[in-house]
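# Fold and contact review
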Amino acid sequence: MAMVRTKDLLENFNLTLVAGKDGIHREIITSDISRPGIEMTGYFKYYPKERLQLIGKTEMAYFLDLTFQEQKDRVEKLCTDITPGIVVTRGMDIPEVMIDAANESAVPILRSPRKTTRVISRLTNFLEARYAPFTAIHGVLVDIYGVGVLITGQSGVGKSETALELVKRGHRLVADDSVEIRQEDYDTLIGNSPPLIEHLLEIRGLGIINVMTLFGAGAVRSYKKISMIINLEIWDQKKQYDRLGLDEDTMKIMDVHVPKSTIPVRPGRNLAVIIEVAAMNFRLKRMGVNAAEEFSERLTTMIEQEKDDME
Amino acid sequence: MKEQTFTITADTGVHARPATLLVNKAGQYESDVEVSYNGKSVNLKSIMGVMSLGIPKGAEISVTATGGDEEDAINGVSEVIKEHLGE
């Protein structure tokens, strides 16, 4: 997991370093952000000192109303040796006493011209993404009609060949062979390629090919939400494959259950078309049209009718 | 050729899920297995065919098997029917 340091915030956001520049290499160890309002009153019992501190208009206004001695005491307690930084929003002026304390304890003070709520949400998003649970899976990730399909299966079953055919049919390759997956929120998985092998596809007999230079920028994407999993496996005579599509199988990646279909591979089966249709059918289901269920209802009606005719 | 007659007692008739069980069982044998109901006869190894008959509760169906393992096929299918569909 990549470490996040205070200087990463400076590089990624519209922030200016006002004081404490000796501390810009401090590590931010949590994505939580603290607004030290209660601390301004002098109550430091539960002060979350390891978090990034955010001072908005209210906190600053209260601070300015304090006596000089109180101000000095508060900022000294705010600037601990593990506090990664203090962000002051709305482009507010920063009092001398705060700057002095920050310089002395090497806690960076960063100023943002934006409103407090915006700053909180953007910082949280950034930190959450960096601290998101992370895993890597052997498979191929392709964007098919806007549906992120993760193709899994044993080595040599034909994942990369299928991906190539899908790209040729106008779909987009995200990652081949190894897919890095991070979880955002509770229910979203985002997949991307390891930087070294981005846009590359390995085809037995051809070697490594570059999909972007061969097929153009429209044939690749850098990341994509994973919506479904297609598991390819060599056709097993004894195994029963899904015939109806009434039940939805899932696979758990980190905390998220992703719909999964197992497709048996046999010479002469055009996997690219089958996967393409699986993606379209997935979209259709999410739009509320479920062919299998509709059929099942039709069958019920027909059987009922037959029964009535018999009686 | 082997033939056996069954009566469906399951409330839903031969619905999608029991039909799948039946078809998967029939698919395990080499013999040609057919089911007929109401004068129509379909291949018991084809799921869409079996469901298209729309067999209700109380219906009489007959299953025929022709081939090297016809005896086993009839017995296998009979087991599935007795377990899930009727007698």
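- If you look chain B up in an unreviewed UniProt entry, it shows as Phosphocarrier protein HPr from Virgibacillus indicus.
- Word for word, the UniProt comment on chain B under Subcellular location (unreviewed entry) is "Cytoplasm".

- Chain A is annotated in an unreviewed UniProt entry as HPr kinase/phosphorylase of Virgibacillus indicus.
- Under the heading Subunit (unreviewed entry), UniProt records this for chain A: "Homohexamer."
- Taken verbatim from the UniProt record of chain A, the Sequence similarities (unreviewed entry) comment is "Belongs to the HPrK/P family."

## Some details on the confidence of the model for chain A
- For chain A, the mean per-residue pLDDT works out to 91, and 99% of the residues sit at or above 70.
- Here helix H1 (residues 6-12) of chain A is the element of chain A with the lowest mean pLDDT, 86, and strand S9 (residues 140-144) of chain A is the one with the highest, 97.

## With respect to the pairing of strand S15 (residues 207-210) of chain A
All names here are of chain A.
- Looking at chain direction, strand S14 (residues 200-203) and S15 are connected through four bridges and run antiparallel. Looking across to S15, one finds that Ile-203 is bridged to Gly-207.
- Connecting the antiparallel pair S14 and S15 is a turn made up of three residues, with Gly-205 showing a positive phi of about 95°.

## Overview of helix H9 (residues 271-286) of chain A
Residue and element names in this part refer to chain A.
- Taking 1.5 Å of rise per residue, the 16 residues of H9 would be expected to cover 22 Å, and the 22 Å separating its terminal C-alpha atoms lies within 8% of that figure.
- If you check which residues of H9 are buried, you get Leu-271, Ala-272, Ile-275, Glu-276, Ala-278, Ala-279 and Phe-282. Down the axis, H9 shows its buried residues gathered within 155° of arc, on one side only.
- Packed against the buried residues of H9 are S9, strand S10 (147-153), helix H7 (159-168), strand S17 (228-234) and strand S19 (256-265).
- Within two residues after H9, Gly-288 carries a phi angle of roughly 100°, on the positive side.

Each value, and the rule that gives it
Residues numbered from 1 in each chain as written. Chains lettered and ligands numbered in written order. Predicted model: local features only at pLDDT ≥ 70, side-chain atom pairs only at ≥ 80, totals over all residues. Heavy atoms only, no water. UniProt positions renumbered as here; feature names shortened; annotations may be inferred. pLDDT = per-residue confidence, 0-100. Helix = DSSP H or I, 4+ residues; strand = E, 2+ residues; numbered from the N terminus. Pairing = 2+ DSSP bridges. Expected span 1.5 Å × (residues − 1). Buried < 20%, exposed > 50% of the residue type's maximum accessible area, 1.4 Å probe, protein only. Arc of directions from axis to C-beta. Contact = heavy atoms within 4.5 Å.

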